[in-house]
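Structural overview
Each chain is listed here by its residues.
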Amino acid sequence: MVEWSDNERAIIADVWSKIDVGEIGPQTLARVLIVYPWTRRYFGAFGELSSVAVVLANRKVATHGRVVLNALDVAVRDLDNIKSAYSHLSSLHRYQLHVDPANFRLLADCLTIVIATKFGAAFSSDVQSTWHKFMAVVIAALGSRYF
Amino acid sequence: MVEWTEFERSTIQSIFSKLDYDVAGGKALARCLVVYPWTQRYFGNFGNLYNAAAIMGNPKVAAHGKVVLQGLDKAVKNMDNIKAAYKELSVLHSEKLNVDPDNFKLLADCLTIVVAAQMGAAFTAQVQAAFQKFLAVVVSSLCRQYY
């Protein structure tokens, strides 16, 4: 089981409390679709995704970005049981959505970058380490039903 | 050969022109040593690397970070032939320093975060895409002589 120090718990809770899901979710997903364009294949039903401007303006991307980021709340609230908390989500991504698990890391990377742009110097190396660990645990949990 | 759009060229030049070479490289290297602690094995003679505070304040880390960033400057000034420009550096890392090439990506990621934190909202999705493309080419060029 993952062990979290008190300091790590405090950092994660603090970062999460400062994240506006409505603002960060859409930005994060948009970045994934822009920086890693092959990911657009998962969003055929979202309409126009053919250029940067269009992705940034796409309402379905924004809505879905919020959905994805809201789901992180489950992990933040249950740090000691992320794997079981995400069991259903993992099955969903594997059996219904057929998402290549390599993409979880791309989203996590984009989220980390968005947070860094917002927090500036406050995203210190300690905060980055802790957040990176949290993302790694989330990614592993989401991949847990794949094999 | 890598093709660069006008936007990508100007973005890369602009980012690096705004970086304080005395500081940014050191910050990125320090983060690497903190967030990915196994990388500390390459710096056995750097003295105190026992905790984040020690690493962030270590003068050898700062000095070496500057060396690394100056190495990156070579790529910035030779964007149309990074592979050739980095031939010696690649041989140096593979044959003399014996650096596992996976680590290049880790440092690239840390540099991305340093730049994102510094630029804030100006580190847009398009800028991120250009910067990551540049770093991917750099990483690939550094890996070239390994095989």
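Since we're looking at a predicted model, the values are computed, not measured.

Rules and cut-offs
Residues numbered from 1 in each chain as written. Chains lettered and ligands numbered in written order. Predicted model: local features only at pLDDT ≥ 70, side-chain atom pairs only at ≥ 80, totals over all residues. Heavy atoms only, no water. Helix = DSSP H or I, 4+ residues; strand = E, 2+ residues; numbered from the N terminus. Rg over C-alpha atoms; globule rule 2.2 N^0.38 Å. Buried < 20%, exposed > 50% of the residue type's maximum accessible area, 1.4 Å probe, protein only. Contact = heavy atoms within 4.5 Å. Core = buried A, V, L, I, M, F, W, Y, C linked by side-chain atoms within 4.5 Å. Buried area = accessible area lost by both parts, 1.4 Å probe. Salt bridge = Lys/Arg side-chain N within 4 Å of Asp/Glu carboxyl O. Polar contact = N/O pair within 3.5 Å; in protein donor to acceptor, adjacent residues only side chain to side chain. UniProt positions renumbered as here; feature names shortened; annotations may be inferred. Axes fitted to C-alpha atoms, helices over the stretch in contact; angles between N-to-C directions. Parallel < 35°, antiparallel > 145°, perpendicular 65-115°, else oblique. Nonpolar A, V, L, I, M, F, W, Y, C, P; charged D, E, K, R; others polar. Phe/Tyr/Trp six-rings, centres within 6.5 Å; stacked < 30°, edge-to-face > 60°. Lys NZ or Arg CZ within 6 Å of the ring centre and 35° of its normal.

In this section: the overall build of chain B. Per the secondary structure count, chain B includes eight helices and zero strands. Seen in sequence order, chain B has helices and strands lined up from the N terminus as α-α-α-α-α-α-α-α. For 147 residues, the compact-globule formula gives about 15 Å, and the C-alpha radius of gyration of chain B, at 15 Å, lands near that figure. Considered along the principal axes of its C-alpha atoms, chain B spans approximately 45 × 40 × 20 Å. Relative to its 147 residues, chain B shows a buried fraction of 50%. Summarising the internal contacts of chain B: among those between residues at least 6 apart in sequence, 74% fall at separations of at least 24.

Attention shifts here to the nonpolar core. Leu72, Ile82, Trp131 and Phe134 of chain A together with Phe16 and Phe134 of chain B are the most contacted members of the largest nonpolar core, which totals 68 residues. Apart from residues no more than four positions distant in its own chain, Trp131 of chain A is found in contact with Val15, Trp16, Ile19, Leu111, Thr112, Ile115 and Phe123 of chain A.

Taken together, the contact pairs 22 residues of chain B with 20 residues of chain A. When the buried area of chain B at its contact with chain A is split by residue, Arg31, Ile113 and Gln128 of chain B rank highest and sum to 28% of it. Our count for the chain B to chain A interface comes out at one salt bridge. Among the ionic pairs, Arg105 of chain A bridges to Asp109 of chain B, the shortest N-O distance being 3.3 Å. Our enumeration of links across chain B and chain A arrives at eight residue pairs in polar contact (both at pLDDT 80 or more).

Turning to the UniProt feature "domain: Globin" (unreviewed entry) in chain A, a few remarks are in order. UniProt tags residues 3-147 of chain A as "domain: Globin" (unreviewed entry). Annotation note: span residues 3-147 of chain A, helix share 71%, strand share 0%, distance between end C-alpha atoms 24 Å.

Residues and elements named next belong to chain A. Contact geometry for helix H1 (residues 6-17) and helix H8 (residues 125-143): axes closest at 9 Å, N-to-C directions at 90 degrees. Relative to H8, the element H1 lies roughly perpendicular. Facing H1, whose interface residues are Glu8, Ile11, Ile12, Val15 and Trp16, H8 presents Asp126, Val127, Thr130, Trp131, Lys133 and Phe134. Residues belonging to the contact of H1 with H8 are distributed by class as follows: seven nonpolar, one polar and three charged.

Moving on to the packing of aromatic side chains. One pass over the structure, following the stated rule, counts 12 aromatic pairs over all chains. Considering the side-chain rings of Phe43 of chain A and Phe46 of chain A, the 5.0 Å spacing of their centres and the 45 degrees angle between planes classify their relative orientation as tilted. One exposure class covers both Phe43 of chain A and Phe46 of chain A, and it is buried. Ring geometry for Phe104 of chain A and Tyr146 of chain A: centres 6.0 Å apart, planes at 80 degrees, overall edge-to-face. Of the two residues, Phe104 of chain A sits in helix H7 (residues 102-119) while Tyr146 of chain A sits in the segment after H8, which places them 42 residues apart along the sequence. Ring pairs connect the aromatic residues Trp4, Phe16, Phe123, Phe131 and Phe134 of chain B, which therefore count as one cluster. Over the face of the ring belonging to Tyr42 of chain A we find Arg41 of chain A, whose NZ or CZ atom lies 4.9 Å from the ring centre.

Residue and element names in this part refer to chain A. Checked against the element boundaries, Ser84 lands in helix H5 (residues 82-85). With a relative accessible area of 52%, Ser84 lands in the exposed category. Each C-alpha atom of the pair Ser84 and Val114 lies 27 Å from the other, and the pair is 30 residues apart in sequence.

Turning our attention to the packing of helix H4 (residues 59-77) of chain B against helix H8 (residues 125-143) of chain B. Residue and element names in this part refer to chain B. Remark: H4 packs on H8, axes separated minimally by 11 Å, with the N-to-C direction vectors making an angle of 110 degrees. Taken together, the axes of H4 and H8 are roughly perpendicular relative to one another. Together, Leu72, Ala75 and Val76 of H4 and Phe134, Leu135 and Val138 of H8 make up the contact between the two elements. For the contact of H4 with H8, the residue count by class is six nonpolar, no polar and no charged.

So, about the environment of Lys83 of chain B. Counting through the fold element by element, Lys83 of chain B comes out in helix H5 (residues 82-85). Through-space distance from the C-alpha of Lys83 of chain B to that of Gly57 of chain B is 34 Å; in sequence the pair is 26 residues apart.

Moving on, we come to the pattern of salt bridges. This structure, assessed with the given rule, holds 12 salt bridges over all chains. A salt bridge links Lys77 of chain B to Asp73 of chain B; its shortest N-O distance comes to 3.1 Å. Within this pair, Lys77 of chain B and its partner Asp73 of chain B are both found in helix H4, separated by four residues, close to a single helical turn. Among the residues examined, Lys77 of chain B registers a relative accessible area of 62% and is labelled exposed. Ionic contacts of the salt-bridge type, sharing partners, join the residues Arg105 and Asp109 of chain A together with Lys105 and Asp109 of chain B into one network.

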